[in-house]
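Listed below are the residues making up each chain.
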Amino acid sequence: GSLDREYLNNLLSLEGRVLVFVLGLLGFLLRLYDILRLDLLGFWVEEGGEGMDGGMKVGFVAYGVGLGNRYGLRLRVNRVGSRVLWSPGSLGRCRRVLAQASVTDSYVIDKTDDYGALQDCASFFVDSFWAASTTDNVKEGLGGSSLKGDAHRQLVSKQEEDLSSRYGRLTGKRRLSTSFFIARGEQGILGCVGIEVAVVKELNGAYEVLPREVGERLFSSTLGAMSGPVRNSIRKSPLDEVAAIVFDAQEGEGKYSLHPVLSNLAVSPNARRLGLGKKLCEACEEEVRTWNEGLFKDIWLIVEDANGPAKKLYEEKLGYRLLWRDEDAYSVRILSSGSAVQVISVPGTQLLFVKDLQ
C-alpha cells in the first residue's frame, strides 16, 4: 500500500542510505573486534610503546598480510590476560613475531635452586638481557646483533656459573639468604629475577654493595679468627646478632649493614610491558618478608642511569626511591669479536634505589 511505498522512498533517500551504511559498518567493526579478541596466529610488535600506559603495540596478521602495517591499526595489550583493544593510529617501524598471542596469557612464577633450571635460565638471560637490553649503548660491543655461535656459548657458560654460585642448591644452609624466581609460560621461560642478602658498606654518604663472595668471606674470616667456644656460642644466634659481632670487629672507617638486594631481572622481549617484571619483583618482596623472621624492612637494587625503562619500573610502578647516585661507578659490558667474548667494565653512572617494605 501507500505506507509501504512511503517507507521504501524514505529508505532509498540519501539519509536512509547513510543510515544503512553506518549500521553495516558498525556490524563489520563489531565482527572485527570479535576476531581480534581471539588468539592470533601472529602479530607485529613495536618496541617501546611510550604513552601506552605500559601497553605493547601490536598489529593483527591475517592471511599473510599485516593489517597493522597496511591499514595503520594499533592494538594495545594492557596486562597479561587482558582483552586486545584497538584504535586507528600509526604502528611505526615494527617487526613480526611468529608466535601465538597466548604466549603471555598465563604464566607461573616458581622459586628454584635447581642447577638444571639455572642452566636453562642462563641461556635465556643472555638472549633477553645482554642481547636485548633496554640500557642505552649496552650492545655496542655486540655489533648491533645478537650473540651467536661460540661467543654465545661462552657467555652462557659464564652466566650459568654466576647464577649457580649465587642461587644454586648447597649441601648446607647459606649464611646470607638467596632466592631465584623463574616465570614460565607455554612457550618456555618468560622472565627471571634474583634476590640475595648482601653486605653494604657506607662511608661519608657513599654506599658500596659488596659482592657476595666478599661478604661471605667477611663473615667466615672474622668467625674463623675466634676461639672455638666463642664461635660455638654464637653459631645459632640470629643473623642480626652475628652480623653485629662481625661488623664491630672490622677495622678502618665505614659502617656495615645487611640488606636484601634485587638483581638479575630479565624479561623476554615478547613479554615486556605486560606487567611481568613487576610481578617478579613483587615475588621477591614476599620472599624477603619470610627471611629471618621478618628481619629485613627494605629492598635495595642498583640500576644504570642509562636504563630508562628499568628506572620507570622501579620508581613509578614499584615505589622505589633514589638513595644515592654514583657518578664514578663502572658498568659491565660484553665485547664480542668473532668466536671470542670478553666481559669488561666501563665508566657509567649507577643509581642505588631502596624500597621500604610495609
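Structure's up top.
This report concerns the structure included in the present document. (Residues numbered from 1 in each chain as written. Predicted model: local features only at pLDDT ≥ 70, side-chain atom pairs only at ≥ 80, totals over all residues. Heavy atoms only, no water.)

### Things to note about the nonpolar core
Formed by 44 residues in total, the largest nonpolar core has its most connected members in Val199, Phe219, Phe247, Leu258, Leu262 and Tyr314. Residue contributions to this core peak at six residues, all from helix α9 (residues 276-289). Beyond its immediate stretch of four places on either side in the chain, leucine 262 contacts Val193, Gly194, Ile195, Cys281, Cys284, Ile299, Trp300, Leu301, Tyr314 and Tyr320. Counting residues in each nonpolar core, the second largest holds 20 residues, with Cys121, Ala122, Cys192 and Ile334 among its members. (Core = buried A, V, L, I, M, F, W, Y, C linked by side-chain atoms within 4.5 Å. Buried < 20%, exposed > 50% of the residue type's maximum accessible area, 1.4 Å probe, protein only. Helix = DSSP H or I, 4+ residues; strand = E, 2+ residues; numbered from the N terminus. Contact = heavy atoms within 4.5 Å.)

### Section: the pairing of strand β8 (residues 178-185)
Counting buried positions along β8 gives six out of eight residues, so the element sits mostly inside the fold. Where strand β7 (residues 108-111) meets β8, four bridges bridge the pair, whose relative direction is antiparallel. The residue of β8 that forms the bridge with isoleucine 109 is alanine 183. Here β8 runs beside strand β9 (residues 188-203); their pairing, made up of eight bridges, is antiparallel. Bridge pairing in β9 places phenylalanine 180 opposite glycine 194. (Pairing = 2+ DSSP bridges.)

### Concerning the pattern of salt bridges
Under the criterion given, the structure shown has 16 salt bridges. With a closest N to O distance of 3.0 Å, lysine 111 and glutamate 287 form a salt bridge. Note that lysine 111 is positioned in strand β7 and glutamate 287 in helix α9, a separation of 176 residues in sequence. Of the residues examined, glutamate 287 reaches a relative accessible area of 12% and is grouped as buried. For lysine 311, the salt bridge is made with aspartate 305, and the minimal N-O distance between the two is 2.9 Å. According to the relative accessible area criterion, aspartate 305 is partly exposed, its value standing at 23%. (Salt bridge = Lys/Arg side-chain N within 4 Å of Asp/Glu carboxyl O.)

### Remarks on the pairing of strand β16 (residues 350-356)
Of all seven residues in β16, six are buried, a share of seventy percent or more. Pairing geometry for strand β12 (residues 298-304) and β16, over seven bridges, is antiparallel. Looking at the pairing, aspartate 298 lines up with aspartate 356 of β16.

### Some thoughts on helix α8 (residues 239-248)
Turning to α8, its buried residues are Leu239, Val242, Ala243, Val246 and Phe247. Axial view of α8: buried residues confined to an arc of 130°, hence all on one face. Contacts made by the buried residues of α8 are with β9, α6 (212-224), α7 (228-234) and β11 (255-267). (Arc of directions from axis to C-beta.)

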